[in-house]
Amino acid sequence: MAPVLSRNQKIGLALSCMLITEEKRRKKRKIWAKQWLHDRKRFTHLNLLKELDESDFRNFLRMDEQCFTDLLYMVKPFIEKKNTLFRSSVSAEERLIVTLRYLATGRSYEDLKFSAAISPQLLSSIIPETCAAIYHCLKKYIKIPKTEDEWRTVAHQFETKWNFNNAVGAMDGKHIAIQKPTGSGSQYYNCKTFFSIVLFAIVDANYQFMYVNVGANGSVCDSTVLQNSSFYQRLINDELRLPAPTALPGTNKCIPYVFLGDSGFSLSPYIMKPYPLKNITHGQRIFNCRLSRARRVVENAFGILASRFRVFLQAIAINVENVEVVVLACCALHNYLSQRNAMYITPSSVDTEDVNTMQLRPGDWREVRPLAPMQQSSVRTVSKQGKNIRKCFLDYYNDKGALTFQEDMLRAQ
């Protein structure tokens, strides 16, 4: 006859069985990842990269092999990890390649895992970390001039290339589409009816970013982003070391050095904008045409950025805290590659004009969806001194500073 167990004995026996089951479960080997992810050396895109010719390599990573090698050398100390007893770490080269591929295509982490043989969870930390390292190493390529001579060099390039005097930069802002952040409500919802953060930039005559400001929520306008920037505070406090006003060629009118903006900005002594189109005069149209021609560099810079780094062509579906460093890395790469690689910006990449036929050939970047422009403020202050300076430019471009082809250019618009 089987022994009769007391209530406490039954409870003790049940607990013992539970402990034995839990111990067996713990001893059972856990699988960290799918088996093919373990075999990264076999499936990684590193193998494909070795087979690509020069053209395909540049298309795959948006840069030639020498630029990639130099960039890897710079970022490697910041992204290299040590192997552990349990598994090999993702190499610095693999980390940089998958990050560049993400910036070039905008593919999701879930999609990238198949070509990189890296799990989406790991990609979500690798890509922002590598973008931060890229920007840290390349931010020296984005710089505001620090001396009067450097500012004069920028102004000389605007004058010789775009026939606008005393211009030291063209400014604009664009929406960077993002996935709606959790719990953000309408904070990032813009007038274009999608969620975004703002990229505000100042560009020189060669399509180079001199200053970038990223992160303002998409509901604000151009002028608000500018006024809240460190650049603007330095500008109004006379801390940029701009040269003293100089006379326009052939005149005795001294004009300050100015930045060029669109109608979304407020007119001031240091920011020029077009005349309103309502009741516009012929002379004002000439000024607008000259300003628009010079300001086109910032539109082209944004266009090239988005066409080269197609992460901008759809909503960036990562944590909003990481979007800023992705954008900064792309801007730094834009300057780095345009200075290092002649194939990055070609004549067909940008808008070009034929002064004989007055035909404007759109840049290749216009074939893809451009970045959305910013909302224009309904309240804009007008500086009397700014109006006077703009009038000086107008008089000059309709007299001694007139171009032989500007009337034809105006008729062709």
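Note: the structure precedes this text.
Residues numbered from 1 in each chain as written. Predicted model: local features only at pLDDT ≥ 70, side-chain atom pairs only at ≥ 80, totals over all residues. Heavy atoms only, no water.

Peer 1: Sorry, what's going on with the packing of helix α7 (residues 92-105) against helix α14 (residues 320-340) here?
Peer 2: When two helices pack together, their arrangement is given by the angle between the helix axes and the distance between those axes. With their axes 11 Å apart at the nearest point, α7 and α14 run at an angle of 90° to one another. When the axis of α7 is compared with that of α14, the two are roughly perpendicular. Between α7 and α14, the residues in contact are L100, Y102 and L103 and V326, C330 and L333, respectively. (Axes fitted to C-alpha atoms, helices over the stretch in contact; angles between N-to-C directions. Helix = DSSP H or I, 4+ residues; strand = E, 2+ residues; numbered from the N terminus. Parallel < 35°, antiparallel > 145°, perpendicular 65-115°, else oblique. Contact = heavy atoms within 4.5 Å.)

Peer 1: Sorry, what's going on with the environment of L138 here?
Peer 2: With respect to the helices and strands, the residue L138 is situated in helix α9 (residues 120-138). Looking at L138, the relative accessible area reads 0%, which means it is buried. On a C-alpha basis, the gap between L138 and L333 in space is 7.1 Å, while along the polypeptide they are 195 residues apart. Ignoring sequence-local partners within four residues, the contact set of L138 consists of L71, M74, A332, L333 and Y336. (Buried < 20%, exposed > 50% of the residue type's maximum accessible area, 1.4 Å probe, protein only.)

Peer 1: Is there a simple way to think about a positive patch on the surface in this case?
Peer 2: A contiguous patch of positive charge on the surface is contributed by K143, K146, R234 and R241. Note that R241 resides in the loop between α12 (230-236) and β4 (246-247). We classify R241 as exposed; its relative accessible area is 57%. (Patch = residues over 30% accessible without salt bridge, like charges linked within 9 Å, V, L, I, M, F, W, Y side chains within 5 Å. Areas by Shrake-Rupley, 256 points an atom, 1.4 Å probe, with all protein chains shown as cover. Salt bridge = Lys/Arg side-chain N within 4 Å of Asp/Glu carboxyl O. Lys, Arg positive; Asp, Glu negative; His and termini not counted. Charge placed at Lys NZ, Arg CZ, Asp CG, Glu CD.)

Peer 1: Can you help me understand the pattern of salt bridges in this one?
Peer 2: Where charged atoms from two side chains of opposite charge approach closely, those side chains can pair. In total, this model carries 20 salt bridges according to the counting rule given. One salt bridge in this structure joins K174 and E299, with 3.2 Å as the shortest N-O distance. Highlighted residues: K174 in strand β1 (residues 167-177) and E299 in helix α13 (residues 282-308), separated in sequence by 125 residues. The burial state of K174 is the same as that of E299; both residues are buried. Linking R411 and D408 is a salt bridge whose minimum nitrogen-to-oxygen distance equals 2.3 Å. Of this pair, R411 and D408 are both found in helix α16 (residues 406-412), 3 residues apart, which corresponds to roughly one turn of the helix. Salt bridges here are not isolated pairs; linked through shared partners, they connect D172, K174, R295 and E299.

Peer 1: For this particular structure, what's the right way to read the nonpolar core?
Peer 2: Considering soluble globular proteins, one finds that nonpolar side chains tend to be buried as a cluster. In terms of nonpolar packing, the biggest core is built from 128 residues, with Y102, F209, F231, F259, F312, L333 and F393 touching the most fellow members. Top element by residues in this core is α14. It accounts for 13 residues. Residues in contact with F209, not counting those within four places in the same chain, are Y141, I142, K143, A201, I202, V203, A301, F302, L305, C331, H334 and N335. (Core = buried A, V, L, I, M, F, W, Y, C linked by side-chain atoms within 4.5 Å.)

Peer 1: Looking at this model, I keep getting lost on the side chain of D172. Mind explaining?
Peer 2: With respect to the secondary-structure elements, D172 resides in strand β1. Those residues in contact with D172 that sit more than four places away from it in its chain are L199, F200, A201, D222, D262, F265, R295, V298, E299 and F302.

Peer 1: Could you clarify how one ought to interpret the packing of helix α6 (residues 65-79) against α14 in this entry?
Peer 2: One way to put it is that α6 packs onto α14 with a least axis distance of 11 Å and a crossing angle of 135°. As the angle between them shows, α6 and α14 are arranged oblique. As for how α6 packs across α14, the hand of that crossing is right-handed. Residues Q66, C67, D70, L71 and M74 of α6 form the contact with α14, whose participating residues are L333, Y336, L337 and R340. Residue composition of the contact of α6 with α14, by class: 6 nonpolar, 1 polar and 2 charged. (Left-handed = near helix turned anticlockwise from the far one by under 90°. Nonpolar A, V, L, I, M, F, W, Y, C, P; charged D, E, K, R; others polar.)

Peer 1: I keep staring at α14 and nothing clicks. Help me out?
Peer 2: In an α-helix, one turn spans 3.6 residues; hence positions three or four apart end up facing the same way. Over its 21 residues, α14 runs 31 Å from end to end, which matches the ideal 30 Å to within 8%, given 1.5 Å per residue. With 15 of 21 residues buried, α14 lies mostly within the body of the structure. (Expected span 1.5 Å × (residues − 1).)

Peer 1: Please clarify how the environment of L103 should be interpreted in this entry.
Peer 2: Locating L103 in the fold gives a position in helix α7. Separated by 226 residues in the primary sequence, L103 and A329 place their C-alpha atoms 9.0 Å from one another. Setting aside chain neighbours within four positions, we find L103 in contact with C131, F309, R310, V311, V326, C330 and L333.

Peer 1: Would you mind going over the packing of aromatic side chains with me for this structure?
Peer 2: For any two aromatic rings, the description comes down to two numbers: the centre-to-centre distance and the angle of the planes. Here the structure, examined in full by the defined rule, presents 17 aromatic pairs. Between F164 and F393, the aromatic rings sit 5.1 Å apart at their centres with planes inclined by 35°, giving tilted as the arrangement. Highlighted residues: F164 in the loop between α10 (148-162) and β1 and F393 in helix α15 (residues 384-397), separated in sequence by 229 residues. Judged by relative accessible area, which is 0%, F393 ranks as buried. On the numbers, 5.4 Å between centres and 35° between planes, the contact of Y211 with F231 is tilted. Here Y211 is found in strand β3 (residues 209-217), whereas its partner F231 is found in helix α12, with 20 residues between them in sequence. Taking relative accessible area as the criterion, Y211 reaches 12% and is therefore assigned buried. Ring pairs connect the aromatic residues W151, F200, Y211, F231, F259 and F265, which therefore count as one cluster. Sitting above the plane of the Y344 ring, R308 keeps its charged end 5.4 Å from the centroid. (Phe/Tyr/Trp six-rings, centres within 6.5 Å; stacked < 30°, edge-to-face > 60°. Lys NZ or Arg CZ within 6 Å of the ring centre and 35° of its normal.)

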